[in-house]
Amino acid sequence: MSTVLDVQDLKVSFHTRNGVVRAVDGVSFKVEKGKTTGIVGESGSGKSVTCYSLLGLVPMPPGRIEGGSAKFGDVDLLKLSEKELQRIRGSRISMIFQDPMTSLNPWLRVGTQVAEPLRLHEGLSKSEAWKRAVEALREVGIPDPEKRIHQYPHEFSGGMRQRVMIAMALITRPELLIADEPTTALDVTIQKQVLDLIRDLQKRLGIAVVFITHDLAVVSEVCDYVNVMYAGRLVEASPVQELFARPRHAYTQALMRSIPALQRKGEPLYTIPGLPPDLANLPSGCAFRPRQTPERQALCLTDRQPPLVEVSPGHWAQDCPGCLIRD
Amino acid sequence: MLRFTLYRLAQALGVILVVFTITFFLIRLTPGDPFAGEKAMPPDVRRVMEERYGLNKPLITQYFTTLGSYLRGDFQPSMKYQGMWNVKIIKDAFPISLAIGSCALVIALGLGLPAGIIAAVKKNTWMDYGFMSLALIGICLPTFVMGPMLIMTFGLKWRVFNVAGWFEKTDWVLPSLTMGLIYAAYIARLTRGGMLEVLNQDFIRTARAKGVPGSRIVMVHALRGGLLPVVAFLGPALAGITTGSFIIEKIFNLPGLGQHFVSSVFNRDYSLILATVVLLATLLVVTNFLTDVLVAWLNPKVRLS
Ligand SMILES: Nc1ncnc2c1ncn2[C@@H]1O[C@H](COP(=O)(O)OP(=O)(O)O)[C@@H](O)[C@H]1O
Ligand SMILES: [Mg+2]
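Attention in this report is confined to the structure presented alongside it. (Residues numbered from 1 in each chain as written. Chains lettered and ligands numbered in written order. Predicted model: local features only at pLDDT ≥ 70, side-chain atom pairs only at ≥ 80, totals over all residues. Heavy atoms only, no water.)

**As for the pattern of salt bridges**
- All told, the structure shown has 24 salt bridges over all chains when counted by the stated rule.
- Two residues, E242 of chain A and R246 of chain A, come together in a salt bridge whose shortest N-O distance is 2.9 Å.
- On the accessibility criterion, E242 of chain A (15% relative accessible area) is buried.
- When the shortest N-O distance is used, the salt bridge between D292 of chain B and R8 of chain B registers 2.6 Å. Taken together, the positions of D292 of chain B in helix α13 (residues 270-298) and R8 of chain B in helix α1 (residues 2-29) put the pair 284 residues apart, joining distant regions of the chain. (Salt bridge = Lys/Arg side-chain N within 4 Å of Asp/Glu carboxyl O. Buried < 20%, exposed > 50% of the residue type's maximum accessible area, 1.4 Å probe, protein only. Helix = DSSP H or I, 4+ residues; strand = E, 2+ residues; numbered from the N terminus.)

**What to know about the interface of chain B and chain A**
- In this assembly, 23 residues from chain B lie in contact with 29 residues from chain A.
- With both sides pooled, the region where chain B packs onto chain A buries about 2,300 Å², and carbon together with sulfur makes up 58% of that total.
- When the buried surface of chain B facing chain A is broken down by residue, R205, R208 and K210 of chain B rank first, second and third, together holding 27% of it.
- Linking chain B with chain A are three salt bridges, by the criterion used here.
- Ionic pairing is found between K210 of chain B and E116 of chain A, a salt bridge with its closest N-O pair at 2.8 Å.
- For the pair chain B and chain A, the interface holds twelve residue pairs in polar contact (both at pLDDT 80 or more).
- Breaking the side of chain B that touches chain A down by element, the ones donating at least two residues are α8 (202-209), α9 (214-226) and α14 (300-304) of chain B. (Contact = heavy atoms within 4.5 Å. Buried area = accessible area lost by both parts, 1.4 Å probe. Polar contact = N/O pair within 3.5 Å; in protein donor to acceptor, adjacent residues only side chain to side chain.)

**What to know about helix α8 (residues 188-205) of chain A**
Residues and elements named next belong to chain A.
- Between its first and last C-alpha atoms α8 spans 26 Å; for 18 residues at 1.5 Å apiece the expected length is 26 Å, and the two agree.
- For α8, the elements touching its buried residues are β3 (36-40), β6 (93-96), α5 (126-139), α7 (158-170), β8 (208-213) and α9 (216-222).
- Downstream of α8 by a residue or two, G206 has a phi angle that is positive, lying close to 65°. (Expected span 1.5 Å × (residues − 1).)

**Examining the site of ligand 1**
All names here are of chain A.
- Near ligand 1, the surroundings consist of 14 residues, among which G44, G46, K47, S48 and V49 are the closest.
- Here S45 contributes a backbone N or O atom positioned 3.2 Å from an oxygen atom of ligand 1.
- Backbone polar atom of K47 to an oxygen atom of ligand 1: 2.9 Å apart, as the coordinates give it.
- About the coverage of ligand 1: the protein hides 67% of its 570 Å² of free accessible area.
- At three residues, helix α1 (residues 47-54) tops the list of elements feeding residues into the shell around ligand 1. (Near = heavy atom within 4 Å. Areas by Shrake-Rupley, 256 points an atom, 1.4 Å probe, with all protein chains shown as cover.)

**Digging into the packing of aromatic side chains**
- According to the stated counting rule, one finds 17 aromatic pairs over all chains in the structure shown.
- Both rings, one in Y251 of chain A and one in F288 of chain A, keep their centres 5.4 Å apart while their planes meet at 65°; by these two values the pair is edge-to-face. Of the two residues, Y251 of chain A sits in helix α11 (residues 250-257) while F288 of chain A sits in the loop between α11 and α12 (294-297), which places them 37 residues apart along the sequence. Of the two residues, Y251 of chain A and F288 of chain A, neither departs from the other in class, the shared state being buried.
- Plain terms: the ring middles of F35 of chain B and Y53 of chain B are 6.1 Å apart, the flat faces sit at 25° to each other, and that makes the pair stacked. Residue F35 of chain B is located in the loop between α1 and α2 (43-52), and its partner Y53 of chain B is located in the loop between α2 and α3 (59-71); the two are separated by 18 residues in the primary sequence.
- Positioned over the ring face of F156 of chain A is R148 of chain A, at 4.1 Å from the centre of the ring. (Phe/Tyr/Trp six-rings, centres within 6.5 Å; stacked < 30°, edge-to-face > 60°. Lys NZ or Arg CZ within 6 Å of the ring centre and 35° of its normal.)

Have a look at this one:
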């Protein structure tokens, strides 16, 4: 197995009027060829920023990459210039986004947008690129692509637009696809179709995928490996079956309890108590402590950040006495 | 599309008719009349004059007579400038205003668009602050300050242009510049606002994620949406720009059309007021229609419905 992307100790912060927001604070993970690596966590936990920083899409200022590395092939993405990143974006690493209704340009024909990566990165003529774009639309299951390619985004439904985004992202056959909550804004039935589509294409093209979501149920369907993110840090990382069989961190367990499908009928829905912490004002110890039950709170680290430890082969979790459940 | 065009045409004619009617009656409500000068006119002369222009007839008869001649394309003689036809007055003056207005428009777009785009792309840098400070000055400075300042600099100090008048080929420069700089200021601010709004949209992030270079993001992905406010502003403004400005024509002593809008009212020149107002209304209706077409062309959603 070969590693496509190796992120080590990534740190990204935003220097705002209200202080320094440590959006990503020492995150490390690897993405293997042909596998899907999930990043899961509540909204605001730093998932999107993690991925944007890899492609140089974090607005700077106020954003700043404080440290770390992201080895992609033989280059460190964090060290590249904007020009060099432009050559990688959309050709070797592609990205799809949460809201398909706003992620496509309403002023440009779908064909122009889907063909654009080919025109930019492979220098194809317009007619050749459009021909390939028709094929790409067909590949993602858009009926009548010869006609649809001349239309504008508002003539497509949400699910169809996300298919267009996927076609556009994969048209250059990238090595890595970053999907930032690609199904969050869709209806449940459409969600399933889009997930299946991403999984099928990934299998067929053998690409690596980073799949961001706040929904553990989705993780269980698409991911091979899961990173659980909380307040800008990883609290647990593990192969997907192992994680669902033996969640070790209190936060992961809380996330699992709040999956609606796993809850008993008639019982009130479980939600994690409290709110995610203010990233500009993190407690010095365990970030999950304020949301723990009182007796566990007493055990949590308060003086230093809990380090990640390997609790069983390939399964890592933050070593906080209040949050980590050992065998 | 044909139905739409016909509908818009009927609408336009309706608007012009309403403007015609309101203007016709409104000017008759104002005190005074075309023949009230410093010296009172002898009653016999006045009667002859009123007869000549049909002013002795009942108002409603005059209205329909006037409407009839407008429909035949006859815009009647001026009541103040004896022996002059309104058409001739407009024909002499309008090209001058049109020339100055067109040059002003080119200057306004040539300076305002790039300044606004650069300010938006380089938001919160010294370039942004610089251009926007200039634009603010341009908006705050009244024409009657900007004009004389240009005259003092280029006319009196450096002596490159005439201070006023309409004699030489270069006489259009200072009036056009005065008008153009002020419109440039508006356009720069509107462009910046429009571009900033578009550049913050999700689809710009998508374009960046595809590796689209910055220049192409601005020109291909953002410009169309970003220019909508400018188009919406310029369309209706175009009629005003091309028919001249009273103040600029006074400052530079130009025989343009702008002066007639004001002086005809002071003169109570009923027929010339009507002719100039109907011309302005027609231009407004036409530019508004062209704006709508342009907006529809820019916006695929409108185009289809
Ligand atoms: N442009 C920005 N300026 C300031 N703070 C930001 C900016 N973008 C993101 N953040 C902060 O970074 C944190 C992580 O955001 P994000 O990565 O979008 O979370 P999510 O896990 O929901 O994707 C949030 O607390 C957010 O407030
Ligand atoms: Mg997000």
